[in-house]
Amino acid sequence: MSVRNSQLRAFSTIVVLALTVPFAACKTSSSAGGGTTDGGGTGTEIACDPLSPKPVTLGAIVGVGQDASGVLYMGSTTGVFVSESGTLFRQHVTGTGQSGANEYLFTFESPSDDGSSARNLLVETQGSMASAMALGPPDLRAFLDQSPPGVTPLTLVDVTTVSGMAVVNTPNLISYVGDVANGDIVLATVPMNPDPMSSNGDLSIFYGPLGNVAQRAITAFEQSRSGNGTVTFLVDGTPYVLAFGMIAAPDAGPLGAFALLGLTPQDGEQMAVTVRSPTPTSLPSGLSFTCVR
């Protein structure tokens, strides 16, 4: 979108990063500032759901379109939002397209959807704002300047229409769950739509015994081209290094299967970690989680 040049890059980066597999081993940051607690640091620890959406802002709004039923569709530097009962819900962007400097296409679906309701939001811009918006089928690969069939034009409304509306982000997803040899649990999450400004893709680490799997401060994240890497987090001020990588496994394909290769406290012995496979899509039962607020 021609959301001024800098805004266009931000908007495009958001939706491209939304395609990233929510998998910690896919991140390539060399350092990170993840969670804000080390299991005894600053802040107040409270019971929490690690998969609940994080706060999000709308960012710079490119355009707001309204359909015949009154539903609003908004494009901004933060992503695509759809209104429901007076609230703007961020959508899961699964694909993007661009033609020239002012024709854009965003394939999106509801965060809780199985893909059956996927649609395209087509946006044509003039200067820094949308000059036309429309909805189309998810397999559409044409833009508004090509007058494609099967699209439903949206009525542009003033961006102030969404002022004061509540905003809900997409949820977090589980990257992996590991059972540590000492009986502890390690769980990694990432947002469905990662923040491109985050140095570690918004990775969060929770670690501890079953009754208190606490959010931990991430102090480093590294990964080689081969897929092996480490994430370092703090437990009561002590760095713990979690190693991960790809290993050969039956039916794993040429790249192998993701594995947790060990957890090592500073000046301590390495502990074996068994990754749960397949990766859970919901939080395992019997665990209590805390976050810092």
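Right above here is the structure, for reference.
Because the structure is predicted, anything quoted here is derived from the model rather than measured. (Residues numbered from 1 in each chain as written. Predicted model: local features only at pLDDT ≥ 70, side-chain atom pairs only at ≥ 80, totals over all residues. Heavy atoms only, no water.)

S.K.: Run through the state of the cysteines, naming residues and quoting values.
M.R.: Overall, the coordinates contain 1 disulfide when judged by the stated rule. The partner cysteine of Cys-48 in its disulfide is Cys-291, sulfur to sulfur 2.0 Å. Looking along the S-S bond of the Cys-48-Cys-291 disulfide, the torsion reads about 70°, which is the right-handed sense. Note that Cys-48 is positioned in the loop between strand E1 (45-47) and strand E2 (61-66) and Cys-291 in strand E21 (residues 289-292), a separation of 243 residues in sequence. Of the residues examined, Cys-48 reaches a relative accessible area of 17% and is grouped as buried. (Disulfide = S-S within 2.5 Å. Helix = DSSP H or I, 4+ residues; strand = E, 2+ residues; numbered from the N terminus. Buried < 20%, exposed > 50% of the residue type's maximum accessible area, 1.4 Å probe, protein only.)

S.K.: Describe in detail the sheet that holds strand E9 (residues 129-136), supporting the description with residues and values.
M.R.: With mixed pairing, 10 strands are arranged side by side in an open sheet as E6-E7-E8-E9-E10-E2-E3-E4-E5-E11. Sheet topology places strand E6 (92-99) and strand E11 (166-168) at the edges, where each strand pairs with a single neighbour. Each adjacent strand pair in this sheet contributes to an overall mean axis angle of 30°, direction not counted. Relative to E9, strand E8 (residues 119-126) is paired through 7 bridges, and the arrangement is antiparallel. Within E9, the position partnered with Thr-125 by the bridge is Ala-130. (Pairing = 2+ DSSP bridges. Axes fitted to C-alpha atoms, helices over the stretch in contact; angles between N-to-C directions.)

S.K.: Mind laying out the pairing of E8, listing which residues take part and the relevant values?
M.R.: In terms of strand pairing, strand E7 (residues 103-109) meets E8 through 6 bridges, oriented antiparallel. Bridging across to E8, Phe-108 finds its partner in Arg-119. Linking E8 back to E9 in an antiparallel pair, the connection comprises 2 residues, with Gly-127 at a positive phi of about 70°.

S.K.: Describe the pattern of salt bridges, naming the residues involved and giving the relevant values.
M.R.: A full pass over the atoms with the stated rule returns 1 salt bridge. Here Asp-179 ties to Arg-276 by a salt bridge, and the two come within 2.8 Å at their closest N and O atoms. Taken together, the residues Asp-179 in strand E12 (residues 172-180) and Arg-276 in the loop between strand E20 (273-275) and E21 connect sequence positions 97 residues apart. On the accessibility criterion, Arg-276 (27% relative accessible area) is partly exposed. (Salt bridge = Lys/Arg side-chain N within 4 Å of Asp/Glu carboxyl O.)

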